[in-house]
Amino acid sequence: MQQYILRRVGLALVLVFVVTTIVFAILRLMPGDPVLLILSSETSQPDPEAVAAVRAKLGLDQPIWRQYINWWVGLVRLDLGNSLFDGVPVSEDIFKRLPRTLEIIVAGLLLGIVVGIPLGIVGAVYNQRWPDYVVSVVATLGISSPVYVLGTLLVLLFGLYIPWFPASGYVSFAEAPWEHFRKLTLPAVAIATGQAAIIARMTRSSTLEVLGQDYIRSARSKGLREQVILYRHALANSLIPVVTVIGVSAGALLGGTVLVEFIFNWPGLSTLLMEGIYRRDYPIVQGILVVTSTLFIFLNLIVDLIYGFLDPRIRYE
């Protein structure tokens, strides 16, 4: 197991190096001068002295190899530069907003897992019977409900008719813990609905496949109870594809929560990225790309390690 972990961690570090290098290259090889994009307006052209000052501030007046070295020195020190809009360090902005985005992602995924896996198991156990049909209908409705439609309906429902939860806004946990969780509920539900539907369908399909294997039939022939067969022998193997789906969904949500954050006025990383693009804040966009790419790689690393625990055969492949 130790060798398996070391191999996966080494591969993840190589991928981080490759991805950060690609981000560096893309942002510098794109057509157009980012400094002119930052300083240009519809009514006037930027002053040459201002252009030179911003280029020096960003280090774009240096040779490309020195820019690359400075880039890595900054990454090692967690120094991603300063925002061009307000002068605040990019790392400070990102690490202030990142926990908020991770919070709604984790809350939504956990809620989706808690709801989706049991639904999928019920659908598999009662295959082709009425509980299975109910699960299929619920999962289809969840998958076919776009997050922006569901989020808007939740805001209207709880903002106008059922004042159980705040329809939007954010308050820090340190300031008001109970109010924080109340404001977190609706964004988490908006994310969890689609995730629960996907997880339920994958769990049902995977569990049905495992229940048809020879070793399950052998366990039944020995007189083992269905509950023992399901939870001790079938569930661990059927969860491997489910873990894959959860890992991919978590990675996709890192950059896909912008609609949820916008609808519920949740100041997370996705809204910071949109603000950076709108303001043409070059360091902000660059820093967020690096952080989200790195997080996506390490999410996949966690998924690979979970594979190793669920199926020992994977460790020796």
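Criteria and cut-off values
- Residues numbered from 1 in each chain as written.
- Predicted model: local features only at pLDDT ≥ 70, side-chain atom pairs only at ≥ 80, totals over all residues.
- Heavy atoms only, no water.
- Salt bridge = Lys/Arg side-chain N within 4 Å of Asp/Glu carboxyl O.
- Helix = DSSP H or I, 4+ residues; strand = E, 2+ residues; numbered from the N terminus.
- Buried < 20%, exposed > 50% of the residue type's maximum accessible area, 1.4 Å probe, protein only.
- Axes fitted to C-alpha atoms, helices over the stretch in contact; angles between N-to-C directions.
- Left-handed = near helix turned anticlockwise from the far one by under 90°.
- Contact = heavy atoms within 4.5 Å.
- pLDDT = per-residue confidence, 0-100.

**Q** I'm lost on the pattern of salt bridges in this one. Help?
**A** Side chains that differ in charge, positive against negative, can pair when their charged atoms come close. As enumerated under the stated definition, the model contains 2 salt bridges in all. The residue Asp132 makes a salt bridge to Arg204 at a minimum N-O spacing of 2.7 Å. Highlighted residues: Asp132 in helix α6 (residues 130-143) and Arg204 in helix α8 (residues 177-211), separated in sequence by 72 residues. Judged by its relative accessible area of 2%, Asp132 falls in the buried class.

**Q** Mind showing me how you'd approach the packing of helix α7 (residues 147-161) against α8 here?
**A** For any two helices packed against each other, one specifies the crossing angle of their axes together with the interaxial distance. Where α7 contacts α8, the axes come no closer than 9 Å and their chain directions differ by 145°. Between α7 and α8 lies a crossing whose hand is right-handed. Across the interface between the two elements, Val147, Leu150, Gly151, Leu154 and Phe158 from α7 touch Leu186, Val189, Ala190 and Thr193 from α8.

**Q** Would you take a moment to explain the confidence of the model for the protein chain for this structure?
**A** As a note on interpretation, predicted positions should not be read in detail where pLDDT is low. The predicted model of the protein chain averages 78 in pLDDT, with 84% of residues at 70 or higher. Across the protein chain, element-level confidence peaks in helix α5 (residues 90-125) with a mean pLDDT of 86 and bottoms out in helix α2 (residues 34-39) with 65.

**Q** I would appreciate a short explanation of the environment of Val258 in the present structure.
**A** Tracing the backbone shows Val258 in helix α11 (residues 258-263). On the basis of relative accessibility, which here comes to 26%, the residue Val258 falls in the partly exposed class. In this structure, the C-alpha to C-alpha distance between Val258 and Leu269, residues 11 residues apart in sequence, is 8.2 Å. The residues contacting Val258, other than those within four sequence positions of it, are Ser270 and Met274.

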